[in-house]
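Here is what each chain is made of, one letter per residue.
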Amino acid sequence: EIRRLNTSLEQRVAERTAQLAEQGQELREAKGFLEHLIATSQVTMMRIDLHDVTLTYVSPNVQRLLGYPAQEIIGVPMWWPEHIHREDRERVLADLVRLPHGPADQVELEHRLLHKDGNYRWIYAVLRLERDHAGNPASVLAYGVDITDRKAAEEALQLAKEEAERASLAKSEFLSRM
């Protein structure tokens, strides 16, 4: 009876081991697929620790967006705030500070971040509050998209409108003198 039970147990262990190996392979494939999606995405993701404003995760595509490899900025205290344009910094940090205390767990904002080459890139970002198992604010997930080209187009359009208004005003003045 003991041999029969032992044989049965060994068979169940072998079957379960095979199932776990199959599930492990499926998980590795799913993880690889997600990593590929993140790396090739136009959306850069960051996790910001609320206690010291340190980046604890940065998606690999951050290098395409800002010129910095992820490993160069993860864990660097205050890296993100220090790279926000000085005209945007106070507003962005105020939104970050209010996020754990506000009515919503998410805020959308536009700001400029310093690229490694010394130029600023406009970023549209969604900051989403993450809570720990007890419901306390723990970190913020930031999803960012480069909108520099859109901002340049908006500025060009505004300048064109202003030029058209000046031309129209000049024409009206000219015609009123005639």
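The structure under discussion appears in the preceding block.
To keep things clear, this report deals only with the structure shown in the data block. (Residues numbered from 1 in each chain as written. Predicted model: local features only at pLDDT ≥ 70, side-chain atom pairs only at ≥ 80, totals over all residues. Heavy atoms only, no water.)

**Quick notes on empty space enclosed by the protein**
Phase 1: In this structure the tally under the stated criterion is one cavity of 30 Å³ or more.
Phase 2: Roughly 100 Å³ of volume is contained in the largest cavity.
Phase 3: Contributing to the lining of the largest cavity are 13 residues, with Met-46, Ile-123, Ala-125, Ala-142 and Gly-144 lying nearest its centre.
Phase 4: Broken down by secondary-structure element, the contributors of at least two residues to the lining of the largest cavity are strand 1 (44-49), strand 3 (106-114), strand 4 (120-131) and strand 5 (137-146).
Phase 5: Residues of the lining of the largest cavity, tallied by class, amount to 10 nonpolar, three polar and no charged. (1 Å grid on protein atoms, 1.4 Å probe; cavity = no way out; pocket = protein on both sides within 12 Å on 5 of 7 lines; lining within 4 Å. Points joined across faces, edges and corners; volume = space filled by probe spheres on them. Helix = DSSP H or I, 4+ residues; strand = E, 2+ residues; numbered from the N terminus. Nonpolar A, V, L, I, M, F, W, Y, C, P; charged D, E, K, R; others polar.)

**A few points about the side chain of His-85**
Phase 1: By the element assignment, His-85 lies in the loop between helix 4 (79-83) and helix 5 (86-98).
Phase 2: A relative accessible area of 12% places His-85 in the buried class.
Phase 3: Ignoring anything within four residues of it in the chain, the contact list for His-85 reads Arg-112 and Tyr-120. (Buried < 20%, exposed > 50% of the residue type's maximum accessible area, 1.4 Å probe, protein only. Contact = heavy atoms within 4.5 Å.)

**Things to note about the layout of surface pockets**
Phase 1: Its volume calculated, the largest pocket comes out at about 160 Å³.
Phase 2: Lining the largest pocket, in full, are Leu-50, His-51, Val-53, Leu-93, Leu-96, Val-97, Pro-100, His-101 and Pro-137.
Phase 3: Looking at which element gives the most residues to the lining of the largest pocket, the answer is helix 5, with three residues.
Phase 4: In terms of residue class, the lining of the largest pocket is made up of seven nonpolar, two polar and no charged.

**Some thoughts on the pattern of salt bridges**
Phase 1: Considering all chains together, one arrives at 17 salt bridges under this definition.
Phase 2: With a closest N to O distance of 3.0 Å, Lys-116 and Glu-72 form a salt bridge. Here the residue Lys-116 occupies a position in the loop between strand 3 and strand 4, and Glu-72 occupies one in helix 3 (residues 70-73), the gap between them amounting to 44 residues.
Phase 3: With a relative accessible area of 43%, Lys-116 lands in the partly exposed category.
Phase 4: Its relative accessible area of 37% is what places Glu-72 among the partly exposed residues.
Phase 5: Of the charged contacts, one joins Arg-131 and Asp-105 as a salt bridge, the two residues approaching to 3.2 Å between their closest N and O atoms. Of this pair, Arg-131 sits in strand 4 while Asp-105 sits in the loop between helix 5 and strand 3; the two residues are 26 residues apart in sequence, bridging distant segments of the chain.
Phase 6: Judged by relative accessible area, Arg-131 falls into the partly exposed class, the value being 37%.
Phase 7: Exposure remark for Asp-105: the relative accessible area of 26% places this residue in the partly exposed category.
Phase 8: If you follow the salt bridges from partner to partner, you end up with Arg-86, Glu-87, Asp-88, Arg-91 and Arg-112 in one network. (Salt bridge = Lys/Arg side-chain N within 4 Å of Asp/Glu carboxyl O.)

**Side note on the side chain of His-111**
Phase 1: Mapped onto the fold, His-111 is located in strand 3.
Phase 2: Residue His-111 is classed as buried on the basis of its relative accessible area, which comes to 2%.
Phase 3: Contacts of His-111, omitting those with residues within four sequence positions, involve Trp-80, Ile-84, Asp-88, Arg-91, Val-92, Arg-121, Trp-122, Ile-123 and Ala-125.

**Notes on the pairing of strand 1**
Phase 1: Sheet topology places strand 1 next to strand 5; six bridges connect them, and they run antiparallel. Pairing of Arg-47 across the sheet is with Leu-141, part of strand 5.
Phase 2: Bridge analysis of strand 1 against strand 2 (residues 55-58) gives three bridges, and the strand direction is antiparallel. Among the inter-strand pairings, Arg-47 is bridged to a residue of strand 2, identified as Tyr-57.
Phase 3: The turn joining strand 1 and strand 2, which pair antiparallel and follow one another in sequence, is formed by five residues; a positive phi near 55° is taken by Val-53. (Pairing = 2+ DSSP bridges.)

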